[in-house]
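Spelled out, the chains give:
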Amino acid sequence: SDLYGIDDWGGGYFSLSDNGDLMVMPSPGEIRNAVSIPEVVEGMKARGMDMPVLLRVENILNSRIIELNESFLSAINELNYGGSFIGAYPIKVNQQEQVVEKITQFGARYHHGLEAGSKAELIAAMGMQTDKKAPLICNGYKDQEFIDLGLYASKIGHFCILVVEMPSELPLIIERSKALNAKPVLGIRIKLSTQAGGHWADSGGDRSIFGLNTTQIVQAVDLLDRENMLDCLQMVHYHLGSQISNIREIRTAVNESCRVYAGLFKEGANIKYLDLGGGLAVDYDGSQSNFLSSKNYTQSEYCTDIIESVMTSLDEEKIPHPTIITESGRSLVAYYSMLLFNVLDVTRFQPEPLPDTLPEECHPQIQYMFNALETLSIRNIQECFNDVLFYRDEVRKLFNHGKITLRDRSLAEQIFWATMNEIAKKAKEMKHIGPELEDIERALADIYYCNFSVFQSLPDSWAIEQLFPVMPIHRLNEEPLRKAIIADITCDCDGKMDRFIDSHGFKRYLPLHELKDSEEYFLGTFLVGAYQETLGDLHNLLGDTNVVTIKILENGEYEFVGEQEGDTVANILSYVAYDPKRLLVRFRKIAEAAVRRGKISPQERREIMQVYEAGLRGYTYFER
Ligand code: PLP
């Protein structure tokens, strides 16, 4: 059964096989070509690619591009919309060369373009985009160099749109276009009064950082008119924020932007593009709701609602329908990557067997605790819970003041955990339990130590508590009997995942299988293709993971089309300004000094140096 809610969050790309493997499909529901993820892991291991690995399935990216474009095309056809649709992928969502290259390749049939928010992104885009019909949209704060690059891009035939984000940019753009004799296509980023909920709400609304308010828009029109450049102004742009969970907010913003579009049309601008920015959300928790990690609309509803809203707003004023542009990134790339890692160890909070009676000299507080356990029943469950927590804290104080021994404290901790386990068992028989008792499940959950870094690979999980689906990739025909939370290998107390997707919000533990001595246990975190790779940091100097890309062929066949080795220790040290060669020379001297002092033999020095050098060349993660 679908214990992990795959059908809800998987977008049709994942399923279970009869032998309990998690399968991945090239497009939604294409089960005949499904590939076993554990088999891919075996193939990676055979090729020497150690865990953790970021696995990309390039067919999924292709499928997402098709789905976005075709959904807009069918909404356009169904509603008889007079304009068309073009997508522009925002490079910031995943800047990796391989990702951008594949997007331009798979998106070519739709002239799917790119969006750049900085000079570096524009330079990447200009080098990657060869399709001259695909838009190259320049957002972000612009200096002269940025503007010149955009103008040159236009000159060499790119369909480059310079978006005015700040009033101060326009005079510079006008001056540089004259100087370079380049006629730009201009867009204006507008500030909407509509504001969406969610983590990124500040991108929209009156107080948004970027964009022009209505007075500034009118001033821009007047300036362009005076310069005889009003025909350059062709696009209205806004960005309400990423991961907009509520479709009603999307509609409200479209309506408001159409009013500005209509206004500019009437002012005589050569306006024909309406760029709605990003916002198309991903249903990470599968709840199909307006929770932050979800969305309350489908892809086709999104497209239909946008087209319908634009038509309704502009038909009233008899204004021709624009080409609609969206800058969806999250929804295009999230599904295509998964982070796979192995479990290294488990800590269980299970009590050791207790003695039948306590030693005579035992401190009364420990005795009270023991009595509470002995008299526990469904009727006094809350009272017993309160008591045992109180006595546990008292015992800790006694220990800290040197009043009881280490063994006494250990006994008290065992009684505490035994009582918690008994309370959890009894709580299952009860119809209603209070929130405190509900939390016991979390307190008793095992800790599964896993070979990855939350900070490097799932930064949004740590920084903004975003939920991602996590589950085992095999043994899915066995009932998972353990309840667990996940700890990474950073030894930081924030390096954990203890909130997991659930259709009612989130749950505090993940059902997992017991570890077997003879077999490794692998987990995956899914839908991690958007934002996670470059937002990650080098906490504890754990670096980029290995990246493997597969292409699914027919009948479950697949090929490895890309392998990118993760950072070595030497790479990581050089990012923080060490020179690995100099480090080696220094350490050699330190080891030589140990030989001189007679601490080690010259042979031992050689062995130590070999280990040190191999360490520098090695992977930053746990290696078996
Ligand atoms: N366009 C702009 C201007 C953005 O700032 C962003 C990111 O927030 C996007 C597009 C991407 O939006 P999404 O994450 O919703 O795909």
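Scroll up to find the structure this text is about.
Since we're looking at a predicted model, the values are computed, not measured.

1. Re the environment of Glu-361
- Structurally, the position occupied by Glu-361 is in the loop between β13 (337–347) and α12 (364–374).
- Overall, Glu-361 belongs to the exposed group, with 6 C-beta atoms counted inside 10 Å.

2. So, unusual backbone geometry
- In this chain, Met-51 is followed by Pro-52 through a cis amide linkage whose omega measures -5°.
- Of note, Pro-52 is situated in the loop between α2 (37–46) and β4 (53–57).
- Of note in this structure, Lys-318 is not a glycine but carries a positive phi near 55°.
- Lys-318 sits in the exposed class, given 7 other C-beta atoms within 10 Å.
- Even without being glycine, Asn-540 reaches a positive phi, approximately 55°.
- Note on placement: Asn-540 falls in the loop between α19 (532–535) and β22 (546–552).
- Overall, Asn-540 belongs to the partly exposed group, with 17 C-beta atoms counted inside 10 Å.

3. Considering helix α5 (residues 119–128)
- If you check which residues of α5 are buried, you get Glu-121, Leu-122 and Ala-125. The buried residues of α5 all sit within an arc of 100° when viewed along its axis, so they share a single face. For α5, exposure combined with an orientation more than 90 degrees from the buried face picks out Ala-120 and Gly-127.
- If you follow the buried residues of α5, they end up packed against β6 (113–116), β7 (135–138) and α6 (144–155).

4. With respect to the site of the ligand
- Around the ligand lies a shell of 16 residues, among which Ser-242, Gly-278, Glu-327, Gly-329 and Arg-330 are the nearest.
- Considering only residue class, the shell around the ligand consists of 4 nonpolar, 9 polar and 3 charged.

5. What about the sheet that holds β7?
- On the basis of which strands lie adjacent, the closed barrel formed by 8 strands has the order β5-β6-β7-β8-β9-β10-β11-β12 and parallel pairing. Adjacent strand axes in the sheet meet at a mean angle of 25°, parallel and antiparallel pairs treated alike.
- Summarising the sheet, β6 and β7 pair through 3 bridges and their orientation is parallel. When the sheet's bridge partners are listed, Ala-116 is paired in β7 with Cys-138.
- Contacts from helix α9 (residues 247–266) reach β10 (233–237) and β11 (273–275), with the element oriented near 165° to β10.

6. Remarks on the sheet that holds strand β3 (residues 35–36)
- Across the sheet, 3 strands lie side by side as β1-β2-β3; this open sheet has antiparallel pairing. Unpaired on one side and paired on the other, β1 (14–16) and β3 mark the two borders of the sheet.
- Bridge count between β1 and strand β2 (residues 22–24): 3 bridges; the pairing is antiparallel. When the bridges of β2 are listed, Phe-14 appears paired with Val-24.

7. Considerations on the pairing of β22
- The element β22 is extensively covered by neighbouring structure, given that 5 of its 7 residues are classed as buried.
- In this structure, β4 lies alongside β22, joined through 5 bridges in parallel fashion. What sits directly across from Leu-55, in β22, is Val-548.
- As paired elements, β22 and strand β23 (residues 558–564) share 6 bridges and run antiparallel to each other. What sits directly across from Ile-550, in β23, is Phe-560.
- Joining the antiparallel neighbours β22 and β23 is a turn of 5 residues, in which Asn-555 adopts a positive phi near 50°.

Definitions and limits used
- Residues numbered from 1 in each chain as written.
- Predicted model: local features only at pLDDT ≥ 70, side-chain atom pairs only at ≥ 80, totals over all residues.
- Helix = DSSP H or I, 4+ residues; strand = E, 2+ residues; numbered from the N terminus.
- Buried ≥ 20, exposed ≤ 12 C-beta atoms within 10 Å, placed from the backbone.
- Arc of directions from axis to C-beta.
- Contact = placed C-beta atoms within 7 Å.
- Near = placed C-beta within 6 Å.
- Nonpolar A, V, L, I, M, F, W, Y, C, P; charged D, E, K, R; others polar.
- Pairing = 2+ DSSP bridges.
- Axes fitted to C-alpha atoms, helices over the stretch in contact; angles between N-to-C directions.

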